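Structural characterization, general
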Amino acid sequence: MNGMTGLRLDAPRSGWAIVADVVVVGSGVAGLTAALRCAASGRRTVIVTKARLDAGSTRWAQGGIAAALGEGDTPGQHLDDTLVAGAGLCDEEAVRTLVTEGPDAVRRLIGAGARFDTSAGTGEIALTREGGHHRRRIAHAGGDATGAEISRALVAAVREAGIETVENALVLDLLKDAGGHAAGVSLHVMGEGRHDGVGAVHAPAVVLATGGMGQVFSATTNPPVSTGDGVALALRAGAEVSDLEFVQFHPTVLYLGPDSEGQQPLVSEAVRGEGAYLVDAGGERFMAGQHELAELAPRDIVAKGIMRRMREQGADRMYLDARHFGARMWSERFPTILAACRAHGIDPVTEPVPVAPAAHYASGGVRTDLSGRTTVPGLYACGEVACTGVHGANRLASNSLLEGLVFAERIAAHIARTPARVPVPAEPGGPGATRTVPLPPAEARYAIQRTMTAGAGVLRSADSLARAARELAALAPGRAGAGPGKPAEPGVETWEAANLHLVAGVLVAAALRRTETRGCHWREDHPERDDETWRRHLVVALRPTAEGFDLVVRTTGSTAFPPVMDGGTP
Ligand code: SIN
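So, a few notes on the structure that sits alongside this text. (Residues numbered from 1 in each chain as written. Predicted model: local features only at pLDDT ≥ 70, side-chain atom pairs only at ≥ 80, totals over all residues. Heavy atoms only, no water.)

**Side note on the nonpolar core**
Burial of nonpolar side chains together is a common tendency in soluble globular proteins. Rule in force here: Here, nonpolar core means buried Ala, Val, Leu, Ile, Met, Phe, Trp, Tyr and Cys residues that are tied together by side-chain atoms lying within 4.5 Å of each other. Throughout, exposure labels follow a simple rule: accessible area from a 1.4 Å probe, protein chains only, divided by the maximum for the residue type, with under 20% read as buried, over 50% as exposed, and the rest as partly exposed. Under the scheme used here, helices are H or I runs from DSSP no shorter than 4 residues and strands are E runs no shorter than 2 residues, and both carry numbers assigned from the N terminus.
With 97 residues, the main nonpolar core has Val271 and Met452 as its most contacted residues. Looking at which element gives the most residues to this core, the answer is helix H13 (residues 492-513), with 9 residues. Listed in part, the 49 residues of the second largest apolar core include Cys38, Leu98, Val99 and Ala205.

**What to know about the environment of Ala178**
Relative to the helices and strands, Ala178 resides in the loop between strand S9 (169-176) and strand S10 (182-189). C-alpha of Ala178 to C-alpha of Ala426: the two residues are 248 residues apart in sequence and 8.0 Å apart in space.

**With respect to the site of the ligand**
Note the threshold: For this purpose, a residue is taken to be near a molecule or strand whenever a single non-hydrogen atom of the residue falls within 4 Å of it. Residues adjacent in sequence count toward polar contacts only when both atoms are side-chain atoms; beyond that, a polar contact is any pair of N or O atoms within 3.5 Å, and within protein one must be able to donate a hydrogen and the other to accept it. We get accessible surface area from the Shrake-Rupley algorithm with a probe of 1.4 Å; when it comes to residues, only the shown protein chains can shield them. Under the convention adopted here, Pro, Cys and the residues Ala, Val, Leu, Ile, Met, Phe, Trp and Tyr are nonpolar, Asp, Glu, Lys and Arg are charged, and Gly plus all remaining residues are polar.
Around the ligand, a shell composed of Gln62, Gly63, Glu130, His250, Leu266, Ser268, Glu269, Arg299, His360, Arg395, Ala397 and Ser398 is seen. The separation between an oxygen atom of the ligand and a polar side-chain atom of Arg395 is 2.7 Å. At 2.6 Å from an oxygen atom of the ligand is found a main-chain nitrogen or oxygen belonging to Ser398. Notes on the ligand: free accessible area 250 Å², of which the protein chains cover 94%. The class makeup of the residues in the shell around the ligand is 2 nonpolar, 6 polar and 4 charged.

**A word on the side chain of Thr375**
Among the structural elements, Thr375 can be located in the loop between strand S20 (365-367) and strand S21 (379-381). There is a polar contact of 2.9 Å between the side chain of Thr375 and the backbone nitrogen of Glu240.

**Some remarks on the packing of helix H2 (residues 75-85) against helix H3 (residues 92-111)**
Going by this rule: In this analysis, axes come from line fits to C-alpha atoms, helices being fitted only over the stretch in contact, and the angle between any two N-to-C directions falls in the range 0 to 180 degrees. Orientation is classified from the angle alone, with under 35 degrees giving roughly parallel, over 145 giving roughly antiparallel, 65 to 115 giving roughly perpendicular, and any other angle giving oblique. In this scheme the handedness of a crossing depends on how the near helix is turned from the far one: anticlockwise by less than a right angle means left-handed, clockwise means right-handed. Pairs of residues are marked as contacts when any of their non-hydrogen atoms sit within 4.5 Å.
In contact at an axis separation of 9 Å, H2 and H3 are set at 135 degrees when each is read in the N-to-C sense. What the angle tells us is that H2 and H3 run oblique. As for the relative orientation of H2 and H3, their crossing is right-handed in sense. Across the interface between the two elements, Pro75, His78, Leu79, Thr82 and Leu83 of H2 pack against Glu92, Val95, Arg96, Val99 and Thr100 of H3. When its residues are assigned to classes, the contact of H2 with H3 shows 5 nonpolar, 3 polar and 2 charged.

**Some thoughts on unusual backbone geometry**
One non-glycine residue, Asp243, adopts positive backbone phi at about 65 degrees. Along the chain, Asp243 falls in the loop between strand S14 (241-242) and strand S15 (247-254).

**Here's the deal with the layout of surface pockets**
The cut-off we apply is this: Both cavities and pockets are sets of points on a 1 Å grid over the protein atoms alone; in a cavity a 1.4 Å probe fits but cannot get out, in a pocket the set is open with protein on both sides within 12 Å along at least five of seven lines, and lining residues sit with an atom within 4 Å of a point. Grid points are joined across faces, edges and corners, and a volume is the space filled by probe spheres set on the points.
Roughly 610 Å³ of volume is contained in the second largest pocket. Surrounding the second largest pocket, 27 residues form its lining, Ala219, Met310, Ala356, Pro357 and Thr453 being those nearest its centre. Residue assignment for the lining of the second largest pocket shows that the elements contributing at least two residues are S15, helix H7 (299-313) and strand S19 (353-362). Looking at side-chain class alone, the lining of the second largest pocket contains 17 nonpolar, 6 polar and 4 charged residues.

In structure tokens, the structure reads:
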């Protein structure tokens, strides 16, 4: 489907414009890699990023980047672990691509300047373990600051390459030409600078690398900028999204109290990889006996184990005990986590760390093929915003940085071999796109987060999801019989609220439809995995109506995604 749905956010007309061959939206590992490669192939490339160039989700990644780099490890073993974690829903071809191209992609990242930790004895890259991996396979940097180091290296390379960047810019909508081909993006630059207010980047290739949507829940490891902007833009542009029901809740997020909201400090799975174990308030280990890998079972299993124990005991947290590491190992191997714990008055050297699950990673996103193409010609997606099929129903730990790297390179290769098109002036949503999505008030953000946490969190049911759907409908302004009244004024907070509202609605619709428990989608009322009915993906697109839009939900025939294009290349 490459429809011209003609939906756009309510926003002022563009007051300025940049012309390029490629616009990359986002500055995590995926966006920066795509931009570097496109620029190296001679395409005029512009990066648009919501905050500063180094402020995306990548810099928060602690554990590391998984790749078959160690002696005796093979892409085949990495493939097996990824498929098991994905709970029967991975697209095997996508996983094969990831694990076979991954090791060389990491070596190229090192060539670009990223410095990974090495073993004192051998000088080889030091590898750790995380949940679901049967081997030490995770390369890390700065102990537990892997994302920050990757970000540092790539930002330096982008500056060195002189790639034009537009910072503090919220992307609004896809521009489309008369043929429905991507033609750039509209965006709003926050604050004064060379560009200010609403403008446009006209470019015939648009790469979405906007990261995740963790802010759709009250408590998340994601930074405040992760408001699902890329998925919402793609939906309005007519693209298909998939697997949105599979939100990964990280099992061990520092517990800061029952009312703590927004971004919460992560306690990396690598802490368990190095030997920490989970205990309840009475000091009893509860993961041993639940899975052969105990605390290092795939992430969904550990999160469920923690939730079950919390429910049995009426507790709101469990504990991660790593006192046996001692002060030296804590400060050398996990300096970031140690500092975060101490900043909150907890000393992991002398006491167990209180933890609880929180929203962490969107396994689903904008549906792509192996070249990162979406169902809209000229629109590509990579990193967390994309759904390549690699993660299935539950992402294997530390596969996300690798996925961003590998598929960003594949996108750049595809763009390089696609005949260049001349950038043309175009409109948000395409010519004649007059239907604007009404904007909820800025405060709707918090109502959406509370609704989603209560109804579509770790544990879901038909009742909780139906309640969430009703509450979300009541937050939609300007819809018949619903909404708090007239639409809000355009602005960053109301655009973000509109994006959160849209992705929350799609997530709930998909989670309601999937009447089984699989991976990180846990249905209390359908506790079993149902392979016969549900070993397939749910794909969602928007269909404009006189009143706004409907969601069109369909299932794929198998775990493999159908081609994104009806024919030809974008
Ligand atoms: C972690 O360090 O536990 C997070 C790694 C990941 O999400 O892959």
